[in-house]
There are 2 protein chains.
Amino acid sequence: MTLQLDFANIYPFIEENAFEKIGEQTRPALRTVLDRSGPGKEYLGWLDLPQQEPGTLERIQEVASGIREKDATLICIGIGGSYLGHKSVIEALQPYTDSVLYAGQNISADHLQHILDIIDEREEVYLNPISKSGTTTEPGIAFRVLRKWHEERYGEQGSASRIIATTDSSKGALRELSDQKGYQTFAIPDDVGGRYSVLTPVGLFPIAAAGIDIKALLGGAGAMRKQATSDSPENPSLRYAAVRNSLYEQGKAIEILSTFNPRLQYFTEWWKQLAGESEGKDRKGLFPASAVLSTDLHSLGQWIQDGPRNIFETFLTVKNSDHTITIEASNENADNLNYLAGKDFDAINEKAYQGTAQAHTDGGVPNLTVSVDKLSEETVGELIYFLEMAVAITGYRMDVNPFNQPGVEAYKTNMFRLLGKPGVG
Amino acid sequence: MTLQLDFANIYPFIEENAFEKIGEQTRPALRTVLDRSGPGKEYLGWLDLPQQEPGTLERIQEVASGIREKDATLICIGIGGSYLGHKSVIEALQPYTDSVLYAGQNISADHLQHILDIIDEREEVYLNPISKSGTTTEPGIAFRVLRKWHEERYGEQGSASRIIATTDSSKGALRELSDQKGYQTFAIPDDVGGRYSVLTPVGLFPIAAAGIDIKALLGGAGAMRKQATSDSPENPSLRYAAVRNSLYEQGKAIEILSTFNPRLQYFTEWWKQLAGESEGKDRKGLFPASAVLSTDLHSLGQWIQDGPRNIFETFLTVKNSDHTITIEASNENADNLNYLAGKDFDAINEKAYQGTAQAHTDGGVPNLTVSVDKLSEETVGELIYFLEMAVAITGYRMDVNPFNQPGVEAYKTNMFRLLGKPGVG
């Protein structure tokens, strides 16, 4: 395990000798997860997710390899947990790929038309509808439009051979359609909710299609699983959750996940779903916000430094980029930056992080740091499992069910009524 | 003016007969702006910004046209107010252009290397460093690296003829370098701060280079200026500010700007800087958060529906997309979506918005709606001026200086010390 936690800037806000105590207070919530004894326990399949059904991984890799060998474009059609997980991993590890595109995550004709314009110019296009039911509105209408384009391009059989559906193993509209048309399918496990599904075929197939090593990703998650399921005070997810709960109980309303790496922008979006949807219920929950620094130090930075002290901050840092760019000396030194000559961007970014953590500490913002050496399949896998477990613990400690999302139905019900859906009135 | 405000879902939370009263309470803050009598009054140049220095607009259009005729790539190098304004307008109005790229808004070697890889394949590359001082770290190091590439590609003279600097009119490192090398320049007015600078050459030149009609953009801002500088209770910025201040005074901690149009994702980022940096000081300020719906209804949606009631929501909606995609009937109706046949995406998106606004009202979230008919230069110009004035009013009503940003220095000072900058210790 390479993920590191640094709590040094918490101690001014949580006394160092209280650290053990808040860990003890939080351990029952960890045990509720591990004993599978709390509400939502039927959705704890993610705990074991470094393991997959026999043969699944190999089949994912085989289908993904076939797509990559053809230099094909894969369009993933999903929303929420059927979108953010793979999007965030692909942006972190293959940030500039254009072989995986996304549709069905909004109701924007301009966005969908843009996707249609792109694929008009591509030779080989595969579709990957991702939906447990197959009737969710946003991906449903996008798939209907894209499937028409696809059948016109390839014919009904040619289209069917280029559609891989990720859906329920036995029931639902997309399962029925897949069986009828002969689509290849991957199964969404029954015991894993959408926001915890990135390490199921929901996420793994698009991730593999982007050329990312899914075995290594699962290996990273597995390495973290050993730590994060341990009933020890050193359990990193427990320690992070204990801090989150303690600060929440002290009245902090907002957690800002601040990364210094723009490749993690969508990873913070994935975390916002994970934390917000798990904890935000029964009038409880930390509001999950995110920032990409140092960009947003010139945006939200002023507020973080001097605004109301109802926030705390979790830094997510990556010590080494894939590329090294070193500042060279300049004869004229017109920009007065020669004092940086010989330093590379990562070294400067590290000082920006250190300077920011100190400034925010001085400004009264409790903060902690989660860092990895570099972005790799292993470290991203670790981060996923680490955060999934921390949020589950925090939710139980807040006395909510971290695995349901009853509030998501409210807008849908209204929308269905307004759209005249049969049977909704 | 085409921008519409809808306060219907505020009335359960602010009594309808209190609406006039909170407007009256907020009017002194409006007068402080208009009389130019408050703290930061030396930065009120944005009030007049639909007007430009004589000849400036024409020169911006001429240089931008020259770049467009060559099918050239323009790299804008800036951070904060020298980044978010034009980025947000370009994403709103030319969302899929790849002729304008961005550097210097972070300290990421991977990001900068990606830009270098792209321009290696492009024939004509222009640079647009944007910095009042020319010594800001992030754009400074990016410009140093890009200028070296540029001079190697085009030679010193060829490079100089392809660099357009947006900087101070008389002083600073970038001004000196520009004079020495013979760069074309555009001036940043002294009386406009970074986050209010999108309608100065800071924003207008990149926006014009993306093929957007800047006269129409300023025309929209000018149309809103008439309304937003009026000392009438119908002033839309005053009405919005009055609601913001009233909800803040009632204890709301977070404002979520929720758009149903993904082309406005960066516009919400620009607003977060505008609001957060203007109001977040002296331990005051609404925390500015954003959401892109319906995407984030499957992410933050649960929290918004059922979490702590310390939020209010401002919807930003666009009634018509540029493209129309209509749902067709399907013989098999496998997805059960035939009830939508004949409806287009915009109609469905509108019902998603209405259903969401009702659901959040029912869930105890005060909300209001700012809507425009479509995204055009005129409506985006209106939105910019509308929000700039609303935030200025809110800041004065909170009794802060909306035009300074003292907290932004804290991380910089620490970073300079850690980097060994001469004279900082």
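For the structure itself, consult the block above.
Residues numbered from 1 in each chain as written. Chains lettered and ligands numbered in written order. Predicted model: local features only at pLDDT ≥ 70, side-chain atom pairs only at ≥ 80, totals over all residues. Heavy atoms only, no water.

J.: Explanation requested: the interface of chain A and chain B in the structure shown.
T.: Much of the literature gives interface size as the accessible area that the parts lose upon coming together. Listed as interface residues are 113 residues of chain A and, on the opposing side, 112 residues of chain B. For the pair chain A and chain B, the summed buried surface comes to about 9,800 Å²; carbon and sulfur atoms form 62% of the total. Taken together, the connections running from chain A to chain B amount to 10 salt bridges. Across the pair Lys148 of chain B and Glu328 of chain A runs a salt bridge, and its minimum N-O distance is 3.3 Å. Of the residues that constitute the side of chain A that touches chain B, the class distribution is 46 nonpolar, 42 polar and 25 charged. (Contact = heavy atoms within 4.5 Å. Buried area = accessible area lost by both parts, 1.4 Å probe. Salt bridge = Lys/Arg side-chain N within 4 Å of Asp/Glu carboxyl O. Nonpolar A, V, L, I, M, F, W, Y, C, P; charged D, E, K, R; others polar.)

J.: Which parts of the structure should I look at to understand the nonpolar core?
T.: Judged by nonpolar contacts, the single largest core of 113 residues is most densely connected at Ile75 and Leu146 of chain A together with Ile75 and Leu146 of chain B. With residues near it in sequence (within four places) discarded, Ile75 of chain A still touches Leu101, Ala103, Ile115, Ile119, Val125, Tyr126, Leu127, Asn128 and Leu146 of chain A. (Core = buried A, V, L, I, M, F, W, Y, C linked by side-chain atoms within 4.5 Å. Buried < 20%, exposed > 50% of the residue type's maximum accessible area, 1.4 Å probe, protein only.)

J.: It is not clear to me how unusual backbone geometry should be interpreted in this structure. Could you clarify?
T.: Trans is the prevailing form of peptide bonds, just as negative phi is the prevailing case for residues other than glycine. Residue and element names in this part refer to chain A. Following Leu293, the chain continues into Ser294 via a peptide bond in cis, with omega recorded as 0°. As for its position among the elements, Ser294 is in the loop between strand S8 (287-292) and helix H11 (301-306). One non-glycine residue with positive phi stands out, namely Asp282, at about 50°. Mapped onto the elements, Asp282 comes out in the loop between helix H10 (265-279) and S8. Even without being glycine, Arg283 reaches a positive phi, approximately 65°. The class for Arg283 is partly exposed, based on a relative accessible area of 43%. (Helix = DSSP H or I, 4+ residues; strand = E, 2+ residues; numbered from the N terminus.)

J.: Just checking my understanding: could you explain the relation of the copies chain A and chain B for this structure?
T.: Between the two copies of this chain, the relationship is a rotation about some axis together with a displacement along it. Relative to chain B, chain A is turned by 180° and slid 0.0 Å along the rotation axis, the superposed coordinates differing by an RMSD of 0.0 Å. The superposition of one copy onto the other is thereby described by a two-fold rotation axis. For chain A, the smallest separation between a C-alpha atom and the rotation axis is recorded for Ala289 of chain A, amounting to 3.5 Å. Of all interface residues in chain A, 99% are interface residues in chain B too; the two copies therefore contact each other through one and the same surface. (Least-squares fit on C-alpha atoms with pLDDT ≥ 70 in both.)

J.: Got a minute to help me understand the packing of aromatic side chains in this structure?
T.: Where two aromatic rings form a pair, the distance of their centres and the angle of their planes describe that pair. Counted according to the given criterion, the structure contains 30 aromatic pairs over all chains. Connected via pairs of aromatic rings, a cluster forms that spans Trp46, Tyr196, Tyr385, Tyr396 and Phe403 of chain A. The cationic tip of Arg244 of chain A hangs over the ring face of Tyr240 of chain A; the distance from NZ or CZ to the ring centre is 5.5 Å. Positioned above the aromatic ring of Tyr154 of chain B, the side-chain terminus of Arg162 of chain B is 3.9 Å from the ring centre. (Phe/Tyr/Trp six-rings, centres within 6.5 Å; stacked < 30°, edge-to-face > 60°. Lys NZ or Arg CZ within 6 Å of the ring centre and 35° of its normal.)

J.: Help me understand the pairing of strand S5 (residues 164-167) of chain A, please; the structure alone is not making it clear to me.
T.: Along any regular strand the residues' side chains alternate between the sheet's two faces. Residue and element names in this part refer to chain A. Covered by surrounding structure in S5 are Ile164 and Thr166 together with Ala165 and Thr167, the residues of both alternating faces. Note: S5 against strand S6 (residues 184-187), four bridges, orientation parallel. Residue pairing for S6: Ala165 is matched across the bridge by Thr185. Handedness of the crossover joining S5 and S6 through helix H6 (residues 173-181): right-handed. (Pairing = 2+ DSSP bridges. Right-handed = clockwise from strand over helix to strand, strands pointing away.)

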